[in-house]
Amino acid sequence: VDLLGRLAQLKDEPEAVSAIEEMFRMLFAPVDFYFVGWEDNAWKNLDKVPEILRHQVLALRGGWDWTESGAGFLLRLERSGNLAGIVAIDGLTWPQYRESYLDSARSLLGICTLVIENARSLKRIKWAEEVLRRATNDRLRESEARFQATFEQAAMGIALVSPGGSWLRVNLKLCQMLGYDQDEIMTLTFQEITHPEDLDADREDVCRMLAGEIETYGMEKRCLRKDRSIVWVHLTVSLVWKPDGQPDYFISVIEDIQARKEAEMALRESESNLREARRLAGLGDWKWDLRTGEHVWSEEIFRLYGRDPTLSPAVYPEVSQYFTPESWKHLAAVVEKGVKEGGTFACDAEVIPGDGAPHRWITARGEALRDAQGQITILRGTVQDISERKHAEEEILRLNAVLEERVRQRTAELEAVNQELKEFAYVASHDLQEPLRTMNSYAEFLQEDLGKVELSAAAQEDLRFITDAAKRMQTLVQDLLAYSRSGRLEVQDQPVSLDDCLVVVKKNLHSSLEACGGELTWGELPTVRGDVTALISVFQNLAGNGLKFRRAEVPPTVRVEAQACGAEWTIRVIDNGIGMEEKHLEQIFQPFKRLHGRKEYPGTGLGLAIVKKIIERHGGRIRVASVPEQGSIFTLTLYAWGDEKRREREEGR
């Protein structure tokens, strides 16, 4: 398809033959390709054909023939009985497809013949055009000499235009202005290079000139450059008449005014943007000439004050009618100070719009200008609408008041709840535990009183149940107290050595470690910020769980490791116990949440809830990862003592 498109544009025979050869080679891959032209009753390029093929070319009478080798064919390029030449290809790479190749080649014959004929016709046309051009140049040479200097050396574009609108002559400046070569622009009319929106006005003036109503005309219009961009020009046109009174041609002088137009448009756009910005910002400007008393306002000030823009600005102090008395008192004071002392001034004021609109708040700013003698002659400045800011400030004040009241109420509620918790803790630590201690004591007394009296198995079991229930209740109350205290824990800002904590924990768990053959180890541990007693409770609880929830016949091990992470330390407590399923991981930190029966693993279900409370009161986090029958990893974060202090010092700087 690409080659066919190129063929349609070829203008001479050698290019056409070359393109045909390229197409045939691409389609059929022959070793040899030859084109023997027939023009003016003579063969062309026949001597370049091998002897055996030359004989076949001269002998060819039909439309085609196979070559002697059988691996190629000859085709006549002929249309309407006119022979244009013969194409011979030989040495096909795939001769087994020669039948299909021949059909394809014959379908291209008409196109190839037409291309050759077109190239030859164009050659004859060019020859005729050259003859005509030379004759025309001879006739125009004399007039060309007269106009050459003025026409080509002009600083503006100059064109001679026929009454019908076609170009008769254009100078180089105009071509440069419009981006055309002279030959290109000569094929156009002035209508084609004129912007459609400006064409009617141009035509109207042309018609008036042809009618004899005007001798010349001038206008600003837009022209279309070759790349279809727009250039603004100033056009001046006059008409030359023939001796018989008929119009001969127009003389057009075209001045490029694009730079000026762009500057004007940029200025208008800038002014428009400034007006829009002022409108959006609610900003107006004013000037007061103290020598003449003249006041000048921008339109935005009329809007802010609600004054009819058809009226003149309100003079000082007439403008006071647009302000509340209190605001005018402050504003007048700063303005009068500016009149006397000069400098700059600014004042917020409440406006009462004259059109009945709601009150507004504005910021008025100004400065004093002095003349050559140092006298203050002019005040100028701005007025900006700050109503939204003022409303926002008022709303913030209102919300702050509401928030402060809510905080006060919430503080009172929290204090009441805290007092209730303290009372509960007192009751739990004294009143609730006293009956439990009594139950335990009298159960022991009962056993002593019975002495060696043989009791039935049921009676012994009942007595044991009473004792165990009292002990469990006492343990539960103690854990509830610990949970309550952990929620109210006041963390001391003290350095706590976790290594020292683990030494205490290992000593406290000594009996449990010996009983189960367990092991508690730790690596290098940091010093953190917190409460030493609370952190001992955390690690004792986690380590104790690792020993309690152990696998049968597997000695339990608990390992504590630490890793620095910025201003925090990440602590991991790793055990090899029974582990947990993933669905239970979030539940174990809830109070009273048990995953196993009390007989199998005794406890109240408050241990991990207490741990979580303590860690959170320290500003840290805790999470767990676990695999059933492999163990669990509790990961918690605590603030590093040294890093925290350094961070506080840096923030203080």
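Residues numbered from 1 in each chain as written. Predicted model: local features only at pLDDT ≥ 70, side-chain atom pairs only at ≥ 80, totals over all residues. Heavy atoms only, no water.

Draft legend 1. Molecular detail of the nonpolar core. Core analysis: the biggest nonpolar cluster contains 35 residues, and Phe539, Leu542 and Leu636 have the highest contact counts within it. Secondary-structure elements contributing two or more residues to this core are helix H15 (498-508), helix H16 (510-516), helix H17 (532-548), strand S19 (557-565), strand S20 (568-575), helix H18 (607-617), strand S21 (622-627) and strand S22 (631-639). Considering every element that reaches this core, the biggest residue donor is H17, with 8 residues. Excluding residues that lie within four positions of it along the chain, Leu542 makes contacts with Val573, Leu608, Val611, Phe634 and Leu636. Residues Met177, Phe190, Val206 and Leu235 belong to the second largest nonpolar core, which totals 27 residues. (Core = buried A, V, L, I, M, F, W, Y, C linked by side-chain atoms within 4.5 Å. Buried < 20%, exposed > 50% of the residue type's maximum accessible area, 1.4 Å probe, protein only. Helix = DSSP H or I, 4+ residues; strand = E, 2+ residues; numbered from the N terminus. Contact = heavy atoms within 4.5 Å.)

Draft legend 2. The arrangement of the pattern of salt bridges in detail. For the structure shown, the criterion picks out 34 salt bridges. The closest approach of N and O atoms between Glu213 and Arg208, which form a salt bridge, is 3.4 Å. Notably, a salt bridge pairs Arg260 with Glu220, separated by 2.3 Å at the nearest N-O pair. With a gap of 40 residues between them, Arg260 in helix H9 (residues 258-281) and Glu220 in strand S8 (residues 216-224) connect regions that are remote in the sequence. Residue classification places Glu220 among the partly exposed residues on the basis of a relative accessible area of 32%. Taken together, the shared-partner salt bridges connect Glu13, Glu39, Lys44, Arg120 and Lys123 into one network. (Salt bridge = Lys/Arg side-chain N within 4 Å of Asp/Glu carboxyl O.)

Draft legend 3. Examining the environment of Trp64 more closely. Checked against the element boundaries, Trp64 lands in strand S3 (residues 64-66). Apart from the residues within four sequence positions on either side, Trp64 is in contact with Leu74, Leu75, Leu102 and Arg106.

Draft legend 4. Focus on the sheet that holds strand S11 (residues 283-289). Here 5 strands make up an open sheet; going across it, the order is S12-S11-S15-S14-S13 and the pairing antiparallel. Looking along the sheet, the strands with just one partner apiece sit at the ends: strand S12 (295-297) and strand S13 (344-351). With direction set aside, neighbouring strand axes in the sheet form an average angle of 20 degrees. In this structure, S11 lies alongside S12, joined through 3 bridges in antiparallel fashion. (Pairing = 2+ DSSP bridges. Axes fitted to C-alpha atoms, helices over the stretch in contact; angles between N-to-C directions.)

Draft legend 5. Molecular detail of helix H8 (residues 196-210). With 15 residues, H8 extends 21 Å between its outermost C-alpha atoms, agreeing within 8% with the 21 Å of an ideal straight helix rising 1.5 Å per residue. Burial in H8 covers these residues: Asp198, Leu199, Asp202, Asp205, Val206 and Met209. For H8, the angular spread of buried residues about the axis comes to 140 degrees, placing them on one side. Exposed positions of H8 whose direction lies more than 90 degrees from the buried face are Glu197, Asp200 and Glu204. Considering only its buried residues, H8 is in contact with S8, strand S9 (230-241) and strand S10 (247-256). (Expected span 1.5 Å × (residues − 1). Arc of directions from axis to C-beta.)

Draft legend 6. Examining the pairing of strand S1 (residues 30-39) more closely. Within S1, 7 of the 10 residues are buried, which leaves the element mostly enclosed by the surrounding structure. Looking at chain direction, S1 and strand S5 (residues 82-92) are connected through 7 bridges and run antiparallel. Bridged to Phe35 within S5 is Val87. Linkage of S1 to strand S2 (residues 42-44), two consecutive antiparallel strands, is achieved through a turn of 2 residues, within which Asp40 is found at a positive phi near 55 degrees.

Draft legend 7. How the structure looks around the environment of Pro555. Along the chain, the position of Pro555 falls in the loop between H17 and S19. Spatially, the C-alpha atom of Pro555 lies 5.4 Å from that of Gly518, the residues being 37 residues apart in sequence. Excluding anything up to four places from it in sequence, Pro555 contacts Gly517 and Asn576.

Draft legend 8. Just unusual backbone geometry, in detail. A positive phi angle, close to 55 degrees, is found at Asp40, a residue other than glycine. With respect to the helices and strands, the residue Asp40 is situated in the loop between S1 and S2. Exposure remark for Asp40: the relative accessible area of 71% places this residue in the exposed category.

Coordinates in, geometry out; function isn't part of it.
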